[in-house]
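Here is what each chain is made of, one letter per residue.
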Amino acid sequence: PASLADNLHEKLVFTSTDLVFDGTKKDYTELEKPEKNSERVYAHHKRKAEEKVLSAGGTIIRLGLVINGPINYVRNNIGNKIFSWTNKTNKPTSVHDLAKLIEKITSNNYDQKIFHCAIGEELNRYDLNVKIAEHYGLDSRNIIPIEDTDQLRVNHASLDCTLTQETTGLQFTKTLKECLERL
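These numbers come from a predicted model, not from an experiment.

The rules behind each value
- Residues numbered from 1 in each chain as written.
- Predicted model: local features only at pLDDT ≥ 70, side-chain atom pairs only at ≥ 80, totals over all residues.
- Heavy atoms only, no water.
- Buried < 20%, exposed > 50% of the residue type's maximum accessible area, 1.4 Å probe, protein only.
- Helix = DSSP H or I, 4+ residues; strand = E, 2+ residues; numbered from the N terminus.
- Arc of directions from axis to C-beta.
- Contact = heavy atoms within 4.5 Å.
- Axes fitted to C-alpha atoms, helices over the stretch in contact; angles between N-to-C directions.
- Parallel < 35°, antiparallel > 145°, perpendicular 65-115°, else oblique.
- Left-handed = near helix turned anticlockwise from the far one by under 90°.
- Nonpolar A, V, L, I, M, F, W, Y, C, P; charged D, E, K, R; others polar.
- Phe/Tyr/Trp six-rings, centres within 6.5 Å; stacked < 30°, edge-to-face > 60°.
- Lys NZ or Arg CZ within 6 Å of the ring centre and 35° of its normal.

Undergrad: Lay out helix α3 (residues 68–77) in plain terms, naming residues and giving numbers.
TA: Looking at α3, one finds that the buried residues are P70, I71 and V74. Along the axis of α3, the buried positions cluster into a sector of 105°, meaning they face one direction only. Against the buried residues of α3 lie β3 (82–85), α5 (125–135) and α7 (176–182).

This is the structure in structure tokens:
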């Protein structure tokens with residue numbers, strides 16, 4: 001991948017995930033190493049891809065759940081029961097913040113090679129879906145809180161974006177409400 005980027009005189013930027021971490025704590029920084037021996041296939045492949053991109057001189061942007069997906073899911077399924085986890089949390093990513101970060105990375109030469117992009121508010125999926133429904137004036141009674149018992153899914157995958165914001169000068173969205181109002 002890097003040779004193609006080099007041949008085109010472009011930068012290689014790879015979007016990864018907060019799920020490369022093991023979920024045993026909150027607010028993973030850009031300097032923390034992902035889980036090495038994950039039983040989680042998705043985490044394993046994303047970590048391996050990150051290693052290849054970094055060894056090729058590329059840049060990584062780790063994301064939380066990108067907000068547009070849950071919005072469409074809630075809006076399209078609100079007439080049905082939407083079972084939503086209460087015990088798995090992360091900080092979602094605003095598409096506006098992501099676009100600004102990509103623009104900054106591709107137009108500057110930063111020494112930093114791993115960036116995080118997420119809003120400041122940590123949410124479980126139930127609270128996220130209820131807030132989305134309420135924002136769009138939808139009846140949230142069909143959003144049903146459940147506890148996820150799958151141990152292969154991480155409990156906490158929140159990203160700390162402090163270093164990214166300090167390096168780029170960007171200020172990411174603080175709350176889900178602010179994020180939804182900008183869409």
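Still more ground to cover, so stick around.
Undergrad: Run through the packing of α3 against α5, naming residues and quoting values.
TA: At a minimum axis distance of 9 Å, the contact between α3 and α5 shows a crossing angle of 65°. The pairing of α3 with α5 is recorded here as roughly perpendicular in orientation. Crossing of α3 against α5: the hand is right-handed. Facing P70, I71 and V74 of α3, the residues of α5 in contact are L128, N129, I132 and A133. Considering only residue class, the contact of α3 with α5 consists of six nonpolar, one polar and no charged.

Undergrad: Got a sec to walk through the packing of aromatic side chains? Specific residues and values, please.
TA: Counted according to the given criterion, the structure contains two aromatic pairs. Centre to centre, the rings of F21 and Y28 are 4.2 Å apart; their planes meet at 5°, and the pair counts as stacked. In this structure, F21 and Y28 share a single accessibility class: buried. Geometry around Y28 places K25 over its ring, the cationic atom sitting 5.1 Å from the centre. Its guanidinium or amino end placed over the ring of Y136, R75 lies 4.4 Å from that ring's centre, counting from NZ or CZ.

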